[in-house]
Structures are given as C-alpha cells and as structure tokens.
Amino acid sequence: MECLFMLTRILLYFRLVKWLVFRYPDFAIMIACLLLETVEIEKTPKPQAACAMPVLNGMRILTESEKTKKAREGVMEFLLVNHPLDCPICDQAGECDLQDQSMAFGSDRSRFVDNRISGKRAVEDKNIGPLVKTIMTRCIHCTRCVRFGSEVAGVEDLGTTGRGGDMQIGTYVEKMFQSELSGNVIDLCPVGALTSKPYSFTARPWELRKTETIDVLDAVGSNIVVNTRAGEVMRVLPRLNEDINEEWISDKTRFAYDGLKHQRLTEPMVKDVNGQLGPTDWETALRTVAFKLREIKGNEIAAIAGGLVDAESLVVLKDLLNRLSCENLYTEELFPTIGASTDLRSNYTLNNGITGVEDADLLLLIGTNPRFEAPLFNARIRKGYIHNELEVALVGTKVDLTYQYNHLGEGGQVLKDIADGKHPFSKQFAAAKRPMVVVGSVALQRPDGAAIHRAACSIANLASNEDSNWRVMNVLHRVASQVAALDVGYKPNVPQLNNVKLLYLLGADSDQISRNQLPKDCLVVYQGHHGDNGANMADVIFPGAAYTEKNATWVNTEGRAQLSRIAVNPPKLAREDWTIIRALSEVAGYRLPYDEISEVRDRLSEICPILVQYGKLEPANFYSIANKLCEGTKLKFDKEPLMPPQVSLHQFYMTDPISRASLTMAKCVTAATKAVSNN
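Source: prediction; values computed, not measured. (Residues numbered from 1 in each chain as written. Predicted model: local features only at pLDDT ≥ 70, side-chain atom pairs only at ≥ 80, totals over all residues. Heavy atoms only, no water.)

Undergrad: Would you mind going over the overall build of the chain with me for this structure?
TA: Helix and strand content of the chain: 20 helices and 24 strands. Its C-alpha atoms give the chain a radius of gyration of 28 Å, within 12% of the compact-globule value 26 Å for 679 residues. Here the C-alpha coordinates of the chain stretch approximately 90 × 65 × 50 Å along the principal axes. Burial analysis of the chain (679 residues in total) assigns 58% to the buried set. Within the chain, residue pairs in contact and separated by at least 24 positions form 70% of the contacts whose partners lie at least 6 positions apart. Of the roughly 29,100 Å² of accessible surface on the chain, a fraction of 51% belongs to carbon and sulfur atoms. (Helix = DSSP H or I, 4+ residues; strand = E, 2+ residues; numbered from the N terminus. Rg over C-alpha atoms; globule rule 2.2 N^0.38 Å. Buried < 20%, exposed > 50% of the residue type's maximum accessible area, 1.4 Å probe, protein only. Contact = heavy atoms within 4.5 Å. Areas by Shrake-Rupley, 256 points an atom, 1.4 Å probe, with all protein chains shown as cover.)

Shown next as structure tokens:
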C-alpha cells in the first residue's frame, strides 16, 4: 500500500507539471499558482519552481526528496488557508486540480486555528457575462485567466487589483468579458473560481458519457468532446489537436449546445389541402415526394445544400438526382466561376493550412473578419503576430481584431492597385519570404467576386515564393459543408429556378431563395434538424439528425476530412440524413446501391479519395495553374466597401440554425449589445 501511495503521488506530480508546462507553452511563466510544482535541485539551497527553472547540462533534480515533499505540503497548506470548503457544491468537483493535489500532498487538519485568524478570506463574485460564472472566494490568484485574455484572446478585460491578501481578479468595473473565446478560462481555472453558467448545477463529471467528435458551427472543424447524460447533451469541451484548434474552442462551439433541444423537427410533416403543415408518418411523406419525382423530368428538379450538411448526405443526394438525369445541385454559398473555378481544389481551400499562418511573415486579409468568422484561426494569427513578428494588412471595412494591422483601404480598387504594383504595399509583399493572402468567402459572393478573386490571385503571383511548398493564395470559408460540397461536384451559384417543379432543400436555411421566386406548382422539400428559414417555405419536411447525432464526414476550410461520432440519438422520428435519401430512392423506384455507411464512404472515395483520408491534410495540387487561369478576368469592382458579415461581437453568436435556437446565445447577443451601448 505504501508503494502504491508513493506511485500515485509521483503520477499526480508529473501530471501537474506536464499540464502546467506543456499544455499551455505560449503562456508567460508567472510562477503564480504555486500548485506544487516545486522540486529540489542539488546544490541549490531552496526548492525551485519546475515550470520556470531552465534545464542545464548535469543538473540533478529530485522530485520525491524529503525537502520537496515538505515544500509541496507547505504550499498546499497555505493554499487551503483561505480556500472555502465548497467541494460538495462546487461544479469543479471531480475534475479539480487542487482536489487532486490535496489528496496527494494535503494534510488531514489545519494548523491555522489560533485566535488571530478571524476567518477565511471572502471575495465578492463578479458578473462578467452570461457564460462564465465566478465564485471568486475560491480563486488562488494563479492569473491563468488574465494571461489567457491578454496573450491568447487579445482582450485585456481581466486583470488584478490590490496586493497580498487583498488581491482580486476581475474586470476593474463590472462589465462583460467581451471575447469570442471567453469560455476557455473555465478549462484553465485550476479551482472552481470560474465555471460554466449554463452547466451550473446540472451534472457531475462521473455521470457523463464522453464522445470525441467534431464541431461544425464554423469551417475550422474544431475537435471537441461532447458530454451526455440520459440521451441529452450536457456540455461541450475542447479536445487537443495541435493542427487545428490546439486546446481552445469558441464560445459558440462551447455553449450553443442547448440549441439542439429547441425548435427541433422530430417527425415528418406534409401540407394539407388548406396549406397547413401537419405531422404524418414516414411512409406518407416519402410517397408524397416519390410520386412527384416520378411524374416530372430531371431538368425540373433542383437541390440546394446548406452549411451544416455532412459529406455522406451530399453524395447520396447527388447520386439520387443524377439517376433522375438531374445535374441541378447547388450550394447556398456562392463562388466565382472564373478560370478553373471549383474544378481545382486549390482555388477554394485554405491551402497553407491553419498552422501555416504561424510561419508566415506577411498576411493580407481581404474582406474578412477572422475574429468572428473563424475564431481559432484568428488565435493562430495572433500567435504568429506575438511570437513570429507577423505583419498583418487588411483590405476592407475596419474591424476590431486582436492584433494591430495596417489598413490599406476599403474597396476593390485598392486590390487592383496592389496587383498592378502601384501601391506601396506591392513592394513589401513581393519582398516577403513567406507571404499569405487570405480572402473571406463572403467577399467572393459579391457581384464583383470574380474581380476580387482575380486581384487576389494576381497579388499572390507577386510573391517570390522561394519555397515550392508554400501556398500564398488562401480562401477562408464560414460554413462546415462548403468544401465537401464542392469536392463532390455541387455548383456554387444558385440560378433562377423558374422551371423547377421540385426543390430539395438539404439543410438550406440562409434565405438564398424565397417561395416567391419559385413556380406556384413547385413542391418544396426540406430536410434538416431545425424549424428554421428553410422549413418555413416547405411543403414536405423530413426531420434529420444534428451533428451530435450521426457518424459523418466533415471537411474543414483547409480541406482536412474529419469524422464526427454519435453522442446521442436523433429525437423521436428524426433519422440520419443519408438514410432518409436512401429510403426515398427506394420508394421512388431508383434504389441506390448502398445500405451501410461504409458503402457510402466507398462511394465517397471513388469521387474524391481525399474525403476518406481522415485527419490528413493533402497539399494543394495545380496551385500555380489555378492562379494563372484567373488572369484573364477583367477587373470591374463595385464601389461598395468590402464589408465582412460579422463586424461586432453581438453578430457572432447566432449564425446558423443551431445557434439561432439557443437561449444561451440569445442571452449573449443581449449582453454584447448592451456592452456596446455602454462603451
């Protein structure tokens, strides 16, 4: 038993040191938390902090000596002097670093019982918004939240006031912690001082089932862990992936999960003779659509895919409509049709990858606000800005980024001047060793999107590009399904649908098309998981599964395929999307040749092998050819400035059917709007 106890202590110690030093290597070393990282070093009179002591040749470090043990026990004793006995009611209980270390190095009683100690320190809680709950009496002043705000998030709202026992962490004046990454301080806090407000008093960690999956609320593809209990999503946590999101996730990823419980489509619906949608069974709904498919021609059918559609559903719907001699498959997101357009993958992906921006020395952002369109990519930009002296320039409307940048102008004419070498920035770009151009997908959806794309390619061609593996031109997408849809052959621009008699909306909710633009006899079929914009115009509704309810393939903005896994079952009569389309094909008499998802993925590999190479990032082929094919386009720019869709924080929270159904995100919008009005 004594050996087992000693082994436990050693494992706990190394777990803590690894957590402190290696999990957050970009944090400035403060030695503020004193969480038992002390070690004894030979020929050194006092114990040293392991996280801050540089390792030298010949150094002998004793991690389990008597002096080390006494130092850790002493630190623990001081930490617990003012720490409240809140473990039974603390949300951090069961996954608290202080709990773990006190089990190994804490005493069974306190020596601070003399009459001069009037009581434990008490601190007033702070209100920093609807996401992070504060119980500041538990705070041990490690300042991890402060360092995260100033170093990673780039928002210096949190700080310290006072000294010694009067020291407090807060926002100086009571206000919202205005960051799109604010929820990460919950993971950073080693005690229960900062916890999740929406998750407060709902579950204990040992009650939860953990499922490793992928976030799809933006195009980054952050790796996450979904915690569930009794078929309900209780919380979402980040999962370490150094190539994509590191150990962070955005607030929308972390807190919008309650939108999975509201406004859900749970059973098939068909309009009656009075034009009212009513619930029905699957057989009736499928037969209604199948009958229409059999009586019309292939060119009278069209399909539009939305932003939250998995690759399997995209390819199954494409195969079905192709069997009906229909090629009218489109995405809600637009893309220029110049040059190679979407025929070459390097035209529409983030070719250098998410990590590539850390190695760049000059970055040109065109018509995008990465802080709100892709928060984790923006965190990478800030990381390069701080550690690698990355210079950033912006063409478009001025936005509040988390780093300094050179604002070159707002309109497309600036891009033309840079491409023609008439702008001072042209020489700077040409002289850079590793420049990058990142174009926002929304900038390419304007009427002059083709000219913007052409100008961006011309600017990219200015680079000397000594490294053959370096890709200057990059596109930053906003939605999770766009790259996969273009990979399997969907067209990016929805035309006029004057002759369409059946329109299939596969999760399409962005109002790209309205009912008034369709013929009166057109049957609109909506397949999705929320009663959002697309369901409002539907004649038939097929209830689908959300991203936490299916095994599916997703492709992020850099072109990396990843797998999501089932965390909970779809509600009531809702089903996985590809199985609905497969059932429709059989009822309609055009049976598709696959019954299992493995067979669908075999079909994916036939169309685009990259889509089943999970976790791998394939280099962009034909990159130089794609850039040259764009050069024939005439440059005609609109006078309107290049304005990104999300300029301020309140526009970040509700951008898709799931977040629009989230009560937590609604509270965030209210709080962020109020914070702007108060400033």
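Undergrad: How should the pairing of strand β1 (residues 38-41) be read in this particular structure?
TA: On a regular strand, one side chain projects to one face of the sheet and the next to the other, so that they alternate. What you see with β1 is no split at all: T38 and E40 on one side and V39 and I41 on the other are buried throughout. The sheet contact formed by β1 and strand β2 (residues 48-49) spans two bridges and is antiparallel. Among the inter-strand pairings, T38 is bridged to a residue of β2, identified as A49. Hairpin connection between β1 and β2: a loop of six residues separates the two successive antiparallel strands, and K43 in this loop has a positive phi of roughly 70°. For β1 and strand β3 (residues 61-62), the ladder comprises two bridges, and the chain directions are antiparallel. Across the sheet, residue I41 finds its bridge partner in β3, namely I61. (Pairing = 2+ DSSP bridges.)

Undergrad: Could you clarify how one ought to interpret the sheet that holds strand β17 (residues 406-409) in this entry?
TA: Backbone hydrogen bonds hold the strands of a sheet together, and the pairing may be parallel or antiparallel. Overall, parallel pairing links the five strands, which are arranged β17-β16-β15-β18-β19 in an open sheet. One side of each edge strand has no neighbouring strand; the edge strands of this open sheet are β17 and β19 (473-476). For this sheet, the mean angle separating the axes of adjacent strands, direction not counted, is 25°. Note that strand β16 (residues 391-395) and β17 share three bridges and pair parallel. Looking across to β17, one finds that L394 is bridged to H407. The sheet strands contacting helix α13 (residues 449-462) are β15 (362-366), β18 (435-440) and β19, and the helix crosses β18 at an angle near 170°. (Axes fitted to C-alpha atoms, helices over the stretch in contact; angles between N-to-C directions.)

Undergrad: Even after reading the chapter, I still don't get the pattern of salt bridges, so can you show me in this structure?
TA: Once their charged atoms are close, side chains differing in charge can pair, the charge on each being opposite to the other. Applying the stated rule across the entire model yields 36 salt bridges. We note a salt bridge from R603 to D319, for which the minimum N-O separation is 2.9 Å. Of this pair, R603 sits in helix α17 (residues 597-607) while D319 sits in helix α8 (residues 311-323), and the two are 284 residues apart along the sequence. Residue classification places R603 among the partly exposed residues on the basis of a relative accessible area of 26%. In this structure, D487 engages R345 in a salt bridge whose closest nitrogen and oxygen atoms are separated by 2.9 Å. Here D487 is found in helix α14 (residues 482-488), whereas its partner R345 is found in the loop between β14 (329-331) and β15, with 142 residues between them in sequence. For the residue pair D487 and R345, the accessibility class agrees, reading buried in each case. Salt bridges here are not isolated pairs; linked through shared partners, they connect E246, E358, R380 and K383. (Salt bridge = Lys/Arg side-chain N within 4 Å of Asp/Glu carboxyl O.)

Undergrad: Looking at this structure, how should I read the environment of C457?
TA: Of note, C457 is situated in helix α13. A residue is classified by how much of its surface remains accessible, and C457, at 1% relative accessible area, is buried. Each C-alpha atom, one on C457 and one on N347, is 9.4 Å from the other, the two residues being 110 residues apart in sequence. When sequence neighbours within four positions are dropped, the list of residues in contact with C457 reads M473, N627 and C630.

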